[in-house]
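# Breakdown of the fold
Here's the letter readout for the chains.
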Amino acid sequence: MAADEPQPAKKPRLEDEPLRQNILFGMGNPLLDICAVVDKDFLDKYGLKTNDQILADEKHKELFEELVKKFKVEYHAGGSTQNSVKVAQWMIQQPHKIATFFGCIGRDAFGDILKKKAEEAHVDAHYYEQTEQPTGTCAACITGDNRSANPFRKLGLRSLVANLAAANCYKKEKHLDDKENWQLVEKAKVYYIAGFFITVSADSILKVASHVSESNKILGLNLSAPFISQFFKEDLMKIIPYVDILFGNETEAATFAREQGFETEDIKEIAKKAQALPKVNKKRQRIIVFTQGKDDTIAATAESVAAYPVLDIKQDDIVDTNGAGDAFVGGFLSQLLYDQPLEECIRAGHYAANVIIQRSGCTFPDIPDFH
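Residues numbered from 1 in each chain as written. Predicted model: local features only at pLDDT ≥ 70, side-chain atom pairs only at ≥ 80, totals over all residues. Heavy atoms only, no water.

### Examining helix 13 (residues 342-356)
Put simply, the rule is: A helix here means a DSSP run of H or I that spans at least four residues, while a strand means a run of E at least two residues long, and both kinds are numbered starting from the N terminus. For a helix, the expected span equals 1.5 Å multiplied by the residue count minus one. Type-normalised accessible area, obtained with a 1.4 Å probe on protein chains alone, sets the label of each residue: buried when under 20%, exposed when over 50%, and partly exposed for intermediate values.
Under the 1.5 Å per step criterion, the end-to-end length of helix 13 is 21 Å for 15 residues, consistent within 8% with the ideal 21 Å. Counting buried positions along helix 13 yields 14 of 15 residues, so the element is predominantly enclosed.

In structure tokens, the structure reads:
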């Protein structure tokens, strides 16, 4: 269905069976976000690009300390998957704890903050806690004015540098394989994992993916960043056959296409080719959803490829694009849990992303205004 055709009527929700706790399952890298507006000199010093995500290495050791000393910072509970399930919970409101979240943190002050933040967001977080590594952090370096680099996107571009630390220490055999934890996995109907987690525990993803496929449930995966498709291609392609909904942005889609030898730069063609990749559970057709910032979101099903315009927003109203992709997925998942049609899921994704980019970090008002 084209985006400009009349939208189907929404299913009445009140008569439907209300959503239950733990119906959504997320697994990923829980991080404490440290957000600051920085200057170009800071980006250049650490070799950072706008609108990019990287893992911290040796040359970024001083970055976190300098960020806190030199700029005004804000702290938020973050990590891509945790952001998405938080937004889904916010969109749904009641009941609380619709989402279970697994990931690894340190037994430290930042870990305590993350637990508190997850509780405040009504997410049922079951962290694997260990003492070898401190809780992970993510520097969100936001550049306020980017006129010289790109005249069309002046505000709110961000560069993410993640120091996974404890998030890197997730152990399948010590946490996911635990009987009580696995029961929480089995309770869910919809599953979502950001591609970032492939760098941590591909085995954990495959165990969950196999369960989802065998049970004819729904697994969403995000391409997350270009480096996943480039440097973790083998693990990614073991997981793709289990994926029911593949998310990504235009840059990630282009990198994925190059790595897969799709021989096209047309995003609709890339979506079609990704949709047609081999799939284990034949009862569900794969759906591809590629966002493109201010440009149309592209969605491919077995039958068609459609473009869905995003909500208009004044450039001056954009505060921070950090978390926009995570928020889109959260909004999308909120309607998927209600069995709403694809266009309604995308509409909710656009709404959630629109709210988040007008605020600092992946934060939101108390109550959504989505109808």
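Next comes the rest of the account.
### What about unusual backbone geometry?
Between glutamine 94 and the following residue, proline 95, the backbone shows a cis peptide bond with an omega angle of -5 degrees. Turning to its location among the elements, proline 95 is positioned in the loop between helix 3 (80-92) and strand 5 (99-106). Of note in this structure, asparagine 22 is not a glycine but carries a positive phi near 60 degrees. Looking at where asparagine 22 falls in the secondary structure, it is placed in the segment before strand 1 (24-27). For aspartate 339, which is not glycine, the phi dihedral falls at a positive 60 degrees. Mapped onto the secondary structure, aspartate 339 falls in the loop between helix 12 (324-336) and helix 13.

### A short note on the side chain of glutamine 53
Turning to its location among the elements, glutamine 53 is positioned in strand 3 (residues 52-55). For glutamine 53, a relative accessible area of 9% puts it in the buried group.

### Comments concerning the sheet that holds strand 5
What links the strands of a sheet is backbone hydrogen bonding, and the strands pair in either a parallel or an antiparallel sense. The condition that has to hold: We treat two strands as partners when DSSP finds at least two bridges between them. Convention adopted: a line fitted to C-alpha atoms gives each axis, helices being fitted over their contacting stretch, and angles between N-to-C directions are expressed from 0 to 180 degrees.
If you trace the 9 strands from one edge of the open sheet to the other, you get 6-5-1-9-10-11-12-13-14, paired in mixed fashion. Edge positions in the open sheet fall to strand 6 (124-130) and strand 14 (305-308), since each of these has one partner strand only. Adjacent strand axes in the sheet meet at a mean angle of 20 degrees when their direction is disregarded. Relative to strand 6, strand 5 runs parallel, the two being bridged by 7 bridges. Within the sheet, the bridge partner assigned to glycine 106 lies in strand 6 and is glutamine 130.

### Examining the nonpolar core
Definition in use: Only buried residues count toward a nonpolar core, which is a set of Ala, Val, Leu, Ile, Met, Phe, Trp, Tyr and Cys residues joined through side-chain atoms within 4.5 Å. Residue contacts are counted whenever heavy atoms from the two residues lie within 4.5 Å of one another.
Within the largest apolar cluster, 94 residues are counted, with the highest numbers of intra-cluster contacts made by Leu24, Met27, Tyr170, Val208, Phe290 and Phe332. Here this core gets 6 residues from one element, more than from any other, and that element is helix 7 (residues 198-214). Dropping the residues within four chain positions of it, methionine 27 is found in contact with Thr81, Phe101, Phe102, Tyr170, Leu176, Tyr192, Ile193, Ala194, Phe197, Ser204, Ile205 and Val208. Core analysis: the second largest hydrophobic core is formed by 14 residues, Val38, Phe71, Ala139 and Val161 among them.

### Re the layout of surface pockets
To keep it simple, the criterion reads: A cavity here means a set of points on a 1 Å grid, drawn over the protein atoms and nothing else, where a 1.4 Å probe fits but cannot get out; a pocket is an open set with protein on both sides within 12 Å along at least five of seven lines, and a residue lines either one if it has an atom within 4 Å of a point. Grid points are joined across faces, edges and corners, and a volume is the space filled by probe spheres set on the points. Residues are sorted three ways: Asp, Glu, Lys and Arg are charged, Ala, Val, Leu, Ile, Met, Phe, Trp, Tyr, Cys and Pro are nonpolar, and all the rest, Gly among them, are polar.
In this structure, the second largest pocket spans a volume of roughly 400 Å³. Contributing to the lining of the second largest pocket are 17 residues, with Lys86, Lys117, Glu120, Ala121 and Phe364 lying nearest its centre. Mapped onto the lining of the second largest pocket, the elements with two or more residues apiece are strand 4 (74-78), helix 3 and helix 4 (109-120). Looking at side-chain class alone, the lining of the second largest pocket contains 7 nonpolar, 6 polar and 4 charged residues.

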